Amino acid sequence: MKKIKNIQIVNIILILVSTLVLLWLTNLHGFTGLCRWNPQYNRILLSLWASDLIIITLFLVSLINFKNKKNKKLLKWISLITSSLVSLITIALFLVLIIPTFSKVESNYNLKEIESNNSLRENEPLLKLAISSDPHWGSENSNQDARTQILKTIGDSNYDGFLCLGDVSEIGSTYSSYDLALKEFENNLNGTPIHVLLGNHDALINGTVFFKKYFQKNQENFYSRIDYDNFHIITLDLLWDAKEFNKKQETWLISQLEEIPQEDMIIVLSHCFGYCSGYKDPETGKEWYDNKDVIENVDSILEKYNVELVLSGHNHLMEFLKHSNTSYSIIGTMGGLLDRASEYISPQSVWLDNTHFGYLDLQVYKDSLKLTYKDQNGIDLYSTVVKNN
Ligand SMILES: [Fe+2]
Ligand SMILES: [Fe+2]
């Protein structure tokens, strides 16, 4: 009798451990996005939860008072063995995924972060920023030469700051990608201050732990605000769609937009886009263009407050789009494999290029922003002006 009681206690502990690990995994930053956009990960997660449900059910059934004692004992053993198997798998997964938490990282890089309170120059252009996204260090398909050349061109051009909109790494939980990135930033940017946003690839899987060790070290969240007198940069945490845009981030964003005077100029930066041309992924059937979730839940707010410009990466192309009073720029061309020709052209598209690697030169004037899309060598590809709303 005592032996059976012990079996039941062990069983309860195993079920608890496995359920807690699954809850932890499901709530990892960006993990449900990975599952939503990649059905194979969704199937793995659902299978794990189904196994957990099976061991809970077996345990509950084993509590029923069967007349036949032999059957009862057998059921308890079956329940214990299945619980052990499932918890073994989840614990192994947990141990692999928490490695970043305990890994020491190299951090002796001589890099300046863009500070949150800065001054504009007195003469125009008042500020000169370089922006690009999706370098994907660690990906075999990325173009290392283009990536380095973009950094060299930026480093030689006297920018006040360089902003990278995420997907710095191919898989965030391999810290060597961030080391490579920071070495290249240090070697090529000539001391240009940087600010790096979290991308969906950086968040893979439990990758945010490494990201925080290298970038945005002192920030509580993955969204922030940088002020230059009456020009403001708001960065948002959007990885795959608007699911990371929870009530807390929405409230924070609205409070920033309420606080900034209407006559000031605001640019908003995020990894994932709202408006963008693109393609339908033949493997997953997912539409990598005009992201309705972001358009309805985020862009609608930005347009309501007359934000001048929204910049994103995620799709590996360059594009300029316009909707309502707000302009949209996609600049995901910092070295990650360029997207195939867009099958779907967004109705908001004004200019589109997916044949060049490069970056965006953004110059701030008193009443406008001048945008110039440049290739890796700094050659102009397209230029336009966004007026203060
Ligand atoms: Fe990317
Ligand atoms: Fe991405």
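Above this text sits the structure in question.
Remember, predicted model here, so these are calculated numbers, not experimental data.

Remarks on the coordination of the iron ion (ligand 2)
In step 1: Note on the iron ion (ligand 2): its protein donors are Asp167 (OD), Asn200 (OD1), His271 (NE2) and His314 (ND1). The metal-donor distances range over 2.1 to 2.2 Å.
In step 2: Viewed at the metal, the four donor atoms of the iron ion (ligand 2) are separated by angles of 85 to 166°, and the geometry they form is irregular.
In step 3: Along the chain, the residues that donate to the iron ion (ligand 2) are spaced as D-x32-N-x70-H-x42-H.
In step 4: A separation of 3.4 Å is found between the iron ion (ligand 2) and the iron ion (ligand 1), which share aspartate 167 as a coordinating residue. Here asparagine 200 is found in the loop between strand 4 (194-196) and helix 8 (208-214), whereas its partner histidine 271 is found in the loop between strand 7 (265-270) and strand 8 (279-280), with 71 residues between them in sequence.

Focus: the coordination of the iron ion (ligand 1)
In step 1: Protein coordination of the iron ion (ligand 1) is provided by Asp134 (OD), His136 (NE2), Asp167 (OD) and His316 (NE2), with donor distances spanning 2.0 to 2.3 Å.
In step 2: Seen from the iron ion (ligand 1), its four donor atoms lie at angles of 86 to 176°, and the figure they make is irregular.

Quick notes on a nonpolar patch on the surface
In step 1: Together, Ile12, Leu16, Leu20 and Leu23 give the surface a local cluster of nonpolar side chains, amounting to about 370 Å² of exposed area.
In step 2: Tracing the backbone through its elements, the reader meets leucine 16 in helix 1 (residues 2-26).

With respect to the packing of helix 3 (residues 39-62) against helix 4 (residues 69-97)
In step 1: Remark: helix 3 packs on helix 4, axes separated minimally by 9 Å, with the N-to-C direction vectors making an angle of 155°. If you check the angle between helix 3 and helix 4, you find them roughly antiparallel. The handedness of the crossing between helix 3 and helix 4 comes out as left-handed. Packed against helix 3, whose contacting residues are Leu48, Ser51, Asp52, Ile55, Leu58, Phe59, Val61 and Ser62, the element helix 4 presents Lys72, Leu75, Lys76, Ser79, Thr82, Ser83, Val86, Ile89, Thr90 and Leu93 at the interface.
In step 2: Here the contact of helix 3 with helix 4 is built from residues that sort into nine nonpolar, six polar and three charged.

Definitions and limits used
- Residues numbered from 1 in each chain as written.
- Chains lettered and ligands numbered in written order.
- Predicted model: local features only at pLDDT ≥ 70, side-chain atom pairs only at ≥ 80, totals over all residues.
- Heavy atoms only, no water.
- Donors = N, O, S within 2.8 Å, 3.2 Å for Na, K, Ca; no water.
- Tetrahedral: all angles 85-135°; square planar, octahedral: opposite > 155°, others 65-115°.
- Helix = DSSP H or I, 4+ residues; strand = E, 2+ residues; numbered from the N terminus.
- Patch = residues over 30% accessible without salt bridge, like charges linked within 9 Å, V, L, I, M, F, W, Y side chains within 5 Å.
- Areas by Shrake-Rupley, 256 points an atom, 1.4 Å probe, with all protein chains shown as cover.
- Salt bridge = Lys/Arg side-chain N within 4 Å of Asp/Glu carboxyl O.
- Axes fitted to C-alpha atoms, helices over the stretch in contact; angles between N-to-C directions.
- Parallel < 35°, antiparallel > 145°, perpendicular 65-115°, else oblique.
- Left-handed = near helix turned anticlockwise from the far one by under 90°.
- Contact = heavy atoms within 4.5 Å.
- Nonpolar A, V, L, I, M, F, W, Y, C, P; charged D, E, K, R; others polar.

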